[in-house]
Amino acid sequence: MAGCNLRLLERFDCEALAEKRARANSVIADDQRLRDSLVAQIRHIEIQIAHKRADIEQLRHRLPAPNLPGFVTIGRTGRLGRYRLGDLAVDSAPAAAQFVQARRVTRRLEGEIKALERELPALRQALWDRTERLNEAIASRACINTARRAKGCVGA
């Protein structure tokens, strides 16, 4: 960031300094607007990531507990008998299908989270650059105001 060069600015008349101040105000307003937009974009992505992580967590907690039967069951006649493989498959099929579907959705959400997280570094760098530019513009405006006061311009 360049320092304030009052000697250079004192060479300008009051009108030129007023124009420079108006231009600096315009640049500051634009930079603030763009900076606020970047902050909003970053916040929006962070909120999306948080929602997707909450959805993943909810899916994991909603999965049914394994409901596998024991080795012995009571048959149709009321006597003890063994589970047949077909009965086991029929009993566990709905839970398995729900698990597979939840896992598919979880993987999709995880992929979306990774894509959103890849966008964040570029946005954060742009925010950093915009903030630096805004700070320089504010310092420049302060220097112009100091020069205007030193020259005795009206409305400084």
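Rules used throughout
Residues numbered from 1 in each chain as written. Predicted model: local features only at pLDDT ≥ 70, side-chain atom pairs only at ≥ 80, totals over all residues. Heavy atoms only, no water. Helix = DSSP H or I, 4+ residues; strand = E, 2+ residues; numbered from the N terminus. Buried < 20%, exposed > 50% of the residue type's maximum accessible area, 1.4 Å probe, protein only. Contact = heavy atoms within 4.5 Å. Phe/Tyr/Trp six-rings, centres within 6.5 Å; stacked < 30°, edge-to-face > 60°. Lys NZ or Arg CZ within 6 Å of the ring centre and 35° of its normal. Salt bridge = Lys/Arg side-chain N within 4 Å of Asp/Glu carboxyl O. Disulfide = S-S within 2.5 Å.

**A short note on the overall build of the protein chain**
Of regular secondary structure, the protein chain possesses three helices and two strands. Shown N-terminal to C-terminal, the secondary structure of the protein chain runs as helices and strands in the order α-α-β-β-α. By the burial criterion, 19% of the 156 residues in the protein chain qualify as buried. Of all intrachain contacts in the protein chain linking residues separated by at least 6 positions in sequence, the fraction that spans at least 24 positions is 79%.

**Examining the packing of aromatic side chains**
In this description, a pair of aromatic rings is defined by centroid distance and the angle of the planes. Taken as a whole and judged by the stated rule, the model has zero aromatic pairs. Note that Lys-20 overlies the ring of Phe-12, its terminal NZ or CZ placed 4.6 Å from the centroid.

**Observations concerning the pattern of salt bridges**
Counting across every chain of the model gives nine salt bridges. A salt bridge links Arg-43 to Glu-46; its shortest N-O distance comes to 3.6 Å. Of this pair, Arg-43 and Glu-46 are both found in helix H2 (residues 14-62), three residues apart, which corresponds to roughly one turn of the helix. Relative accessible area serves as the criterion here: at 29%, Glu-46 is assigned to the partly exposed category. Connected via shared salt-bridge partners are Asp-31, Arg-130 and Arg-133.

**Examining the environment of Leu-6**
With respect to the helices and strands, Leu-6 occurs in helix H1 (residues 6-9). For Leu-6, a relative accessible area of 31% corresponds to the partly exposed category. Separated by 142 residues in the primary sequence, Leu-6 and Arg-148 have C-alpha atoms spaced 9.6 Å apart. If we ignore the near neighbours within four places in the chain, the residues touching Leu-6 are Cys-143, Thr-146 and Ala-147.

**Describing the state of the cysteines**
Evaluated as defined, the whole model comprises one disulfide. A disulfide bridge connects Cys-14 with Cys-153, and the sulfur atoms are separated by 2.0 Å. Residues Cys-14 and Cys-153 are joined by a disulfide whose S-S torsion is about -85 degrees; by sign, that bridge is left-handed. With Cys-14 in helix H2 and Cys-153 in the segment after helix H3 (85-151), this pair connects stretches of sequence that are 139 residues apart.

By themselves these figures say nothing about function.
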